[in-house]
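Residue-level structural notes
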Amino acid sequence: MKALVYHGPGKKAWEEKAKPTIRESTDAVVKILKTTICGTDLHIMKGDLATVQPGTTIGHEGVGIIEELGAAVSNFKKGDHVLISCITSCGKCENCKKAMYSHCDRGGWILGNLIDGTQAEYVLIPYADNSLYPIPAGADEEALVMLSDILPTGFECGVLKGNVQPGDTLAIVGAGPIGMAALLTSQFFAPSEIIVIDLDDNRLKVAKTFGATHTINSADGKARDKVMKLTNGRGVDTAIEAVGIPATFELCASIVTAGGHLANIGVHGKSVTLHMETLWSQNITITTRLVDTETTPMLFKNVQSGKLDPKQLITHRFKLDEIMEAYDTFGNAAEEKALKVILTS
């Protein structure tokens, strides 16, 4: 089969690789129908994640058809149409029993990280019963790919951890796909104001159409001042960090009101400065989280009912064997006006 293989920082190739086969009785081999590229994949390509070894197939999102099944898989059969979760969970360990599937003793975020991932023609899914979701006939595959990762990530790590409440003022720093997912799902809780901050005017324009009440281009370095002006000097109840660089984290910390929440989503490859000299007395809650995907079934229902439309995040479409071009497009998002790309086999 063909797969997108990481060969070290800045090095990748679409190349031949052995098709996966069943190793454990709980495994499934899935033929990929649609997949996508995540911002985390760009971090991997930069060398920000030391856990990813050269030779690994990248990717942790997608939908497909079950090609092979281990003998112990009971929830699925060969030929089933399935959504692949970015998180692999055994369902039996202590962390899984706490619904903290991201820290499953035998799984967690391993696809495209510790084991080969979904940017390939076929992928091996461990613990298939707990790591796949059935797709009903007639469902929109493109929309459902957004449920593999970005929608539950934006919702769980940003909105839920950020404790967004009705009437709150919310700031989302970073208008990429994850920030946009947080923007869309935050509206379940009816915040009164949603301020989206980014460097890209096109993304800020899109954020307005997705429900942002205010947008701020932070290129002039005055984003904090603008947030304070919008909030009458108070700051925001929740700030969601959706980029993963020191400047955006520190911006979030500087705009949260007393008693507020800073919810980090971004994948950080460098240390940040925590300004305890100003934060120590402010009753602020700072949270970190890797998505657990326990909200995927709920989000799935909202997508199916039409109350949530993640397909609007998709800006570019490619064939799977055009993945190198797709990476160029996604990696130059500002120039290409890209949010999510879809790759179809």
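On a predicted model such as this, the values are computed, not experimentally measured, just so you know.

Glancing now at the nonpolar core. With 65 residues, the main nonpolar core has L183 and V196 as its most contacted residues. Ranked by residues supplied to this core, first place goes to helix α6 (residues 177-186) with six residues. Those residues within four positions of V196 in sequence are excluded, and the remaining contacts are I172, A175, L183, L204, A207, A212, H214, T215 and I216.

Along the chain, E156 turns up in helix α5 (residues 150-160). Of the polar contacts made by the side chain of E156, one reaches the backbone nitrogen of D292; its length is 2.9 Å. Apart from residues no more than four positions distant in its own chain, E156 is found in contact with K161, R289, V291, D292, T293, E294, T295 and T296.

Pairing within the open sheet is parallel, and its six strands lie in the order β10-β9-β8-β11-β12-β13. Each edge of the sheet is formed by a strand with only one pairing partner; in this case those strands are β10 (214-217) and β13 (285-287). Averaged over all pairs of adjacent strands, the angle between their axes in this sheet comes to 15 degrees, without regard to strand direction. Strand direction decides the pairing type here: strand β9 (residues 193-198) and β10, joined by four bridges, are parallel. What sits directly across from I195, in β10, is H214. The strands touched by α6 are β8 (169-173), β9 and β11 (236-241); relative to β8, the strand with the most contacts, the crossing angle is about 160 degrees.

Glancing now at the environment of G91. Structurally, the position occupied by G91 is in the loop between β5 (81-84) and α2 (94-97). Considered as a pair, G91 and G306 are 215 residues apart in the sequence and their alpha carbons are 30 Å apart. Each residue touching G91, except ones within four places of it in the same chain, is listed here: C96 and N130.

A contiguous patch of negative charge on the surface is contributed by D321, E322, E325, D328, E335 and E336. Listed by contribution, the elements that provide at least two residues to the negative patch are α12 (323-331) and α13 (333-336). Position of D328 relative to the elements: it lies in helix α12.

It is worth spelling out the pattern of salt bridges at this point. Scanning all chains against the criterion turns up 13 salt bridges. A salt bridge links D116 to K17, with the shortest nitrogen-to-oxygen separation between them at 3.0 Å. Of this pair, D116 sits in the loop between α2 and β6 (122-125) while K17 sits in the loop between β2 (12-16) and β3 (28-35), and the two are 99 residues apart along the sequence. Overall, D116 belongs to the partly exposed group, its relative accessible area being 33%.

Across a regular strand the side chains alternate sides, sitting on one face of the sheet and then on the other. The buried fraction of β8 is high, at five of five residues. Side chains T169, A171 and V173 of β8 all project onto a buried face; the interleaved residues L170 and I172 project onto the opposite face, where all are buried too. Alignment of β8 against β9, held across five bridges, turns out to be parallel. Residue pairing in the sheet places V173 in a bridge with I197 of β9. The handedness of the β8 to β9 crossover, carried by α6, is right-handed. Two strands pair when backbone bridges link them, and β8 and β11 are joined in this way by four bridges, in the parallel orientation.

So, on to the side chain of T296. Structurally, T296 is set in helix α11 (residues 296-305). Given a relative accessible area of 1%, T296 falls into the buried group. What T296 contacts, discounting residues up to four positions off in sequence, is L83, Y133, L147, P152 and E156.

What counts as what
- Residues numbered from 1 in each chain as written.
- Predicted model: local features only at pLDDT ≥ 70, side-chain atom pairs only at ≥ 80, totals over all residues.
- Heavy atoms only, no water.
- Core = buried A, V, L, I, M, F, W, Y, C linked by side-chain atoms within 4.5 Å.
- Buried < 20%, exposed > 50% of the residue type's maximum accessible area, 1.4 Å probe, protein only.
- Helix = DSSP H or I, 4+ residues; strand = E, 2+ residues; numbered from the N terminus.
- Contact = heavy atoms within 4.5 Å.
- Polar contact = N/O pair within 3.5 Å; in protein donor to acceptor, adjacent residues only side chain to side chain.
- Pairing = 2+ DSSP bridges.
- Axes fitted to C-alpha atoms, helices over the stretch in contact; angles between N-to-C directions.
- Patch = residues over 30% accessible without salt bridge, like charges linked within 9 Å, V, L, I, M, F, W, Y side chains within 5 Å.
- Areas by Shrake-Rupley, 256 points an atom, 1.4 Å probe, with all protein chains shown as cover.
- Salt bridge = Lys/Arg side-chain N within 4 Å of Asp/Glu carboxyl O.
- Lys, Arg positive; Asp, Glu negative; His and termini not counted.
- Charge placed at Lys NZ, Arg CZ, Asp CG, Glu CD.
- Right-handed = clockwise from strand over helix to strand, strands pointing away.

By themselves these figures say nothing about function.
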